[in-house]
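# Structural characterization, general
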Amino acid sequence: MAAGAKEMNKTNRKYRYGMVIDLDACTGCGACVVACAVENNVAPAPAKVNDRTSITLMRVFQVKDPAPMPARKTVFVPMMCMQCDDPPCEHVCPQQAVELDPRTGIVDQMVQRCFGCRYCMAACPYHARYFNWFDPEWPAGMEQTLNPAVAPRMRGVVEKCDLCHGRFHEAQDRAALEGSDNITYQPACAESCPAQAIRIGDLQNPEDPIQDQIRKPETFQFLVKLGTKPKMFYQSRRGWVKRLAERASPNGNSNRRDA
Amino acid sequence: MRSGFFFFAGAALMLLGGWVGLPKALYKQQAQPLDFTHKAHVVKAEMDCTSCHDFRQDGSFAGIPRIDNCAACHAEPVGTTANEKKLVEKYVTPEKEIGWLVYSRQPINTRFSHAIHVRKAELKCERCHGEHGKTETLRPFEYNVVSGYSRDIWGRSISRLRRASHEGMKMDDCMDCHKEKGAEAGCLGCHR
Ligand code: SF4
Ligand code: SF4
């Protein structure tokens, strides 16, 4: 059995998925946000919710530079879970409901285990986590559109982006059937972006085209000084946009879209 | 003294009642819409599991076959059984799907990849499904009245003592095999 076990582990190639988001290409259309909600079975928000109580596994922030009007410039920043390599959300969870998967580098959220204390939401510097304040409800007939690869969540648990794990599963199945070890897939946000501003890659594969992107001088990450080792990279050739990266919140104290 | 006797006799009676009655109260039975003999297909028609339970091109597992799969051979009855007659008249001709009740259906938050287990790890179907392929008749489908899950998930034996090696499809059963083989899957390996 031991030999068989070794054999199996040898063929289980490891990945470290990360993404590069080109802020100069992003037009702020929000297609990624919609595609994400559809892919991950996020129910339509009930009328009573607000910014704080609704669920959007990814958001597109609109950020303006401080210059007065005619000179004022705008950038749109798609933000989701940064899939930190040293995730504070994992460290604080008393339920061990968060796990950095050593095989994929994806930070798994185990909604089945989560009991809703929301420590992780407080710990996450990127506001990437959302609490289910209500049970999900789909208008009659719309449940037909649910994605069978993703289980809907219930009231009382926290959820977040898991880099379209359902799509990863499908890619894994495909690779297993073909006898290949190459698991490549596109998350819904990357696939839906008309400007192709979002690209996924394997950060530990030296041959992956994402390596060239990461080494470009215009590539940066948000809040690296916190040391959570995020795996999402951003690009912009605009200096003021790059300087945003070390600010705690893009608009001073408020992260509302219209601020 | 007397009251002690009544206490223990009462307790024993309750325990016995629970032991015998609980399994009956916990599970409900439902008959399959149609009987099916795996044996005739495997032995007489010399088919194997994948003749009907196969993968789709995209790597997903098709599971229980659809009616056109049956229709490929049973457009007209090939035998003389009443059951086959029912298949042709009630399902194949009107092209109606048979609402099979799936013994091994997992909860929706569970993902099981047949591709990885059957192709990559080369497990036999029997490892988890037992000798289902040799049965002559479909046993009634039993489900837990609280969770709605098929009885096969927990396994036939409520105490889980003396169970067959394939029996039980709970997370612990999966994990036992995974530990034995040193195959780590992580949480989202099997959940979604
Ligand atoms: S971005 Fe937040 S939720 Fe995602 S891994 Fe980092 S700390 Fe956790
Ligand atoms: S809310 Fe859930 S996932 Fe977050 S820390 Fe608490 S138990 Fe863990």
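Just above, that's the structure.
None of these values were measured; they are calculated from a predicted model.

## A closer look at the pattern of salt bridges
Residues and elements named next belong to chain A.
- According to the stated counting rule, one finds 25 salt bridges over all chains in the structure shown.
- For aspartate 202, the salt bridge identified is with arginine 13, shortest N-O distance 3.8 Å. With aspartate 202 in strand β8 (residues 198–202) and arginine 13 in the loop between α1 (2–11) and β1 (17–22), this residue pair connects regions lying 189 residues apart in the sequence.
- Residue class for aspartate 202 comes out buried when judged on its relative accessible area of 5%.
- Put simply, aspartate 85 and arginine 16 hold a salt bridge, and the shortest N to O gap is 2.8 Å. Of this pair, aspartate 85 sits in the loop between β3 (74–79) and α3 (88–92) while arginine 16 sits in the loop between α1 and β1, and the two are 69 residues apart along the sequence.
- Residue class for aspartate 85 comes out partly exposed when judged on its relative accessible area of 23%.
- Judged by its relative accessible area of 26%, arginine 16 is partly exposed.

## Some remarks on helix α2 (residues 31–39) of chain A
All names here are of chain A.
- Listed as buried for α2 are Cys32, Ala35, Cys36 and Glu39. All buried residues of α2 fall inside an arc of 105° around its axis, so they share one side. α2 presents Val34 and Val38 as exposed residues on the side facing more than 90 degrees away from its buried surface.
- Once α2 finishes, asparagine 41 follows within two positions and takes phi at roughly 55°, a positive value.

## Here we look at empty space enclosed by the protein
- The final tally for this structure, using the stated rule, is 6 cavities of 30 Å³ or more.
- If you trace the largest cavity, you find 17 residues lining it, with Val150(A), Arg153(A), Lys160(A), Asp162(A) and Arg192(B) closest to the centre.
- Elements that contribute at least two residues to the lining of the largest cavity include exactly β7 (158–160) and α5 (165–178) of chain A.

## Focus: the site of ligand 2
- Neighbouring residues of ligand 2: 14 residues in total, closest Cys93(A), Cys114(A), Cys117(A), Arg118(A) and Cys120(A).
- A class-by-class count of the residues in the shell around ligand 2 yields 10 nonpolar, 3 polar and 1 charged.

## Quick look at the nonpolar core
All names here are of chain A.
- In terms of nonpolar packing, the biggest core is built from 53 residues, with Tyr17, Met80, Leu163, Tyr185, Phe222 and Tyr234 touching the most fellow members.
- With near-sequence residues (within four places) excluded, tyrosine 17 lies in contact with Thr104, Ile106, Leu163, Phe168, Ile183, Tyr185, Ile200, Gly201, Leu203 and Lys231.
- Formed by 14 residues, the second largest nonpolar core is a distinct cluster that contains Cys93, Val111, Cys114 and Val157.

## Focus on the layout of surface pockets
Residue and element names in this part refer to chain A.
- Each pocket or cavity is described by its volume, and for the second largest pocket that value is around 590 Å³.
- What lines the second largest pocket is a set of 32 residues, and nearest its centre among them are Val42, Ala43, Pro44, Ala45 and Ile55.
- It is α2 that contributes the most residues to the lining of the second largest pocket, 4 residues altogether.

## Here's the deal with the sheet that holds β1(A)
Residue and element names in this part refer to chain A.
- Pairing within the open sheet is mixed, and its 4 strands lie in the order β8-β1-β10-β9. At either end of the open sheet lies a strand with only one pairing partner, and these are β8 and β9 (219–220).
- Here 2 bridges tie β9 to strand β10 (residues 232–235), and the two strands are oriented antiparallel to one another. Among the inter-strand pairings, phenylalanine 220 is bridged to a residue of β10, identified as tyrosine 234.

Conventions used here
- Residues numbered from 1 in each chain as written.
- Chains lettered and ligands numbered in written order.
- Predicted model: local features only at pLDDT ≥ 70, side-chain atom pairs only at ≥ 80, totals over all residues.
- Heavy atoms only, no water.
- Salt bridge = Lys/Arg side-chain N within 4 Å of Asp/Glu carboxyl O.
- Helix = DSSP H or I, 4+ residues; strand = E, 2+ residues; numbered from the N terminus.
- Buried < 20%, exposed > 50% of the residue type's maximum accessible area, 1.4 Å probe, protein only.
- Arc of directions from axis to C-beta.
- 1 Å grid on protein atoms, 1.4 Å probe; cavity = no way out; pocket = protein on both sides within 12 Å on 5 of 7 lines; lining within 4 Å.
- Points joined across faces, edges and corners; volume = space filled by probe spheres on them.
- Near = heavy atom within 4 Å.
- Nonpolar A, V, L, I, M, F, W, Y, C, P; charged D, E, K, R; others polar.
- Core = buried A, V, L, I, M, F, W, Y, C linked by side-chain atoms within 4.5 Å.
- Contact = heavy atoms within 4.5 Å.
- Pairing = 2+ DSSP bridges.

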